[in-house]
Amino acid sequence: MSQSSRLDPASVERLLTIELARATERAAVAAARWRGRGDEMAADRAAAAAMREELARLPVRGRVVIGEEESGDSTGLHVGLEIGAAAGMRVELAVAPLEGATLCAKDQAGAISIAAAASSGALLHAPDCYMDKIAIGPGYAEGVVDLDRDPAENVRALAEAKGVSTGEITVCVLDRPRHAQIVSKCRKAGACVRLITDGDVAGVIFVTNPEETGVDMYLGSGGAPQGVLAAAALRCAGGQMQGRLVLETAEQRACALRHGLADLRKKYGVPDMVTGDVVVCVTGVTDGRLVRGVVLDKSGIETETLVYRSATGTVRRIGARRRPGALLNF
């Protein structure tokens with residue numbers, strides 16, 4: 001009898017949590033070696049290769065449903081890749097070995113490595129397109145904010161629900177020309193707008209802990225696959241999120257239909273994007289408000305990882321240090 005077949009589901013989930021954290025740690029360390037070197041592609045490739053090597057050891061049968069588009073690169077983590085060292089329990093994987101490649105290349109704050117694992121069929125198979133998104137943290141009644149409302153209305157509604165003035169609401173927005181109206185309307189409503197240059201997965205996750213991050217709401221469009229990753233974290237840590245696919249071309253619409261998404265104007269909530277149990281691991285590459293970045297020095301390697309589990313509703317912060325003699329067996 002194999003080791004995986006002797007483990008009960010709860011034991012598998014705990015073991016998977018450890019292995020998934022190791023995968024994001026390895027990817028983060030690989031990317032960190034390219035910090036500030038101006039080569040986004042090299043950093044991204046290094047992170048993907050490191051994560052793939054570690055995921056290949058998972059004690060399950062994994063399939064990547066959120067990842068890179070097929071490119072022929074044997075070291076990448078493309079959608080559809082079957083990976084894992086054991087037969088038996090099947091899981092779906094959503095991965096971003098390096099979220100914020102530009103931030104890493106410029107050695108700026110906020111680059112992370114993130115991966116999620118869920119039971120088969122639990123993750124929305126989002127096509128590679130944009131998604132309009134709005135997210136707030138836990139503790140609010142359902143429907144306080146809505147993707148179809150004006151940004152100013154959402155700011156005022158959240159301020160009222162929080163019991164503060166609109167001037168005490170901070171909205172995180174990806175700094176892109178397409179978001180000029182969102183920024184203008186939020187500011188006119190009295191809100192502070194925090195612009196981020198990259199990495200909207202972390203931008204959404206910020207809302208789960210506004211006391212530490214200072215972010216109350218995320219608003220704007222970003223990658224749809226990244227939206228699913230962010231929703232996985234919210235399923236564990238709490239909060240609300242809505243997303244709608246932005247399908248601008250016939251090819252994108254056809255891709256969505258191939259993914260089984262018949263309603264192309266559907267407004268997805270967290271339960272629509274992630275169902276069942278999910279584990280999410282986030283490791284810092286560069287220092288940020290979410291997690292600290294990798295420390296590389298002659299005394300060893302330090303990493304910081306957030307581990308989210310929906311089954312227990314827990315968020316753990318794991319700091320790891322590896323002595324120099326152990327680095328070859330990272």
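For every chain, the first residue of the written sequence is number 1, and numbering continues from 1 onward in sequence order. Owing to the predicted nature of the model, reporting of local features is limited to residues with pLDDT of at least 70; listing and counting of side-chain atom pairs is limited to 80 or more, with chain, interface and lining totals taken over all residues. Excluded from the side-chain calculation are hydrogens and water; included are all heavy atoms of the structure.

Thoughts on unusual backbone geometry
Just so we agree on the cut-off: Helix and strand definitions here come from DSSP, where helices need a minimum of 4 consecutive H or I residues and strands a minimum of 2 consecutive E residues; each element is numbered from the N-terminal end.
Positive phi, close to 55°, is recorded for Asp-107, a residue that is not glycine. Of note, Asp-107 is situated in the loop between helix H4 (101-105) and strand S4 (112-119).

Examining the state of the cysteines
Note the threshold: When two cysteine sulfur atoms are found within 2.5 Å, that pair is recorded as a disulfide. The buried label applies to any residue whose accessible area, calculated with a 1.4 Å probe on protein chains only, is under 20% of its type's maximum; exposed applies above 50%, and partly exposed to all values in between.
Scanning the entire structure with this criterion turns up 0 disulfides. Cys-104 forms no disulfide, and the closest cysteine sulfur to it belongs to Cys-172, at a distance of 19 Å. For Cys-104, a relative accessible area of 0% corresponds to the buried category. For the unlinked cysteine Cys-255, the closest cysteine sulfur is that of Cys-129, found at 7.5 Å. Judged by relative accessible area, which is 17%, Cys-255 ranks as buried.

Quick word on the packing of aromatic side chains
So the rule is basically this: By convention, a stacked pair of Phe, Tyr or Trp rings (six-membered ring in the case of Trp) has centres within 6.5 Å and planes under 30 degrees apart, an edge-to-face pair has planes over 60 apart, and any other such pair is tilted. Either the NZ atom of lysine or the CZ atom of arginine qualifies as a charge over a ring when it sits within 6 Å of the ring centre and within 35 degrees of the ring normal.
Here the structure, examined in full by the defined rule, presents 0 aromatic pairs. When the ring centre of Tyr-130 is taken as reference, the NZ or CZ atom of Arg-178 above it lies at 4.4 Å.

What to know about the nonpolar core
Rule in force here: Only buried residues count toward a nonpolar core. Its members are Ala, Val, Leu, Ile, Met, Phe, Trp, Tyr and Cys residues joined through side-chain atoms within 4.5 Å. In this analysis, two residues are considered to be in contact whenever any of their non-hydrogen atoms come within 4.5 Å of each other.
Among the nonpolar cores identified, the biggest contains 51 residues, and Ile-114, Met-241, Val-280, Val-282 and Leu-290 are the most heavily contacted of them. For this core, the element with the highest residue contribution is helix H9 (residues 224-237), accounting for 9 residues. Apart from residues lying up to four places away in sequence, Leu-290 is in contact with Ala-202, Ile-205, Phe-206, Val-282, Leu-306, Tyr-308 and Arg-317. In terms of nonpolar packing, the next biggest core, distinct from the first, is built from 35 residues, Val-29, Met-51, Leu-58 and Val-294 among them.

Some points on the pattern of salt bridges
Here is the rule: The rule for a salt bridge is simple: a side-chain nitrogen of Lys or Arg has to be within 4 Å of a carboxyl oxygen of Asp or Glu.
Inspection of the entire model under this criterion finds 19 salt bridges. The salt bridge involving Arg-63 is made with Glu-82; its shortest N-O contact spans 3.7 Å. A residue pair is termed long-range when its members are at least 10 positions apart, and Arg-63 in strand S1 (residues 61-66) and Glu-82 in strand S2 (residues 82-83) qualify at 19 residues. Taking relative accessible area as the criterion, Arg-63 reaches 31% and is therefore assigned partly exposed. Here Glu-82 falls in the partly exposed class, since its relative accessible area comes to 46%. What you see here is one network of salt bridges that share partners, running through Arg-26, Glu-53, Glu-54 and Arg-57.

What to know about the environment of Arg-244
Here Arg-244 is to be found in strand S9 (residues 240-246). By relative accessible area, which is 10% here, Arg-244 ends up buried. Distance in space between the C-alpha atoms of Arg-244 and Met-131 is 5.3 Å, their sequence separation being 113 residues. Beyond its immediate chain neighbours, meaning those up to four positions away, Arg-244 contacts Tyr-130, Met-131, Asp-132, Leu-147, Asp-148, Arg-265, Lys-266 and Lys-267.

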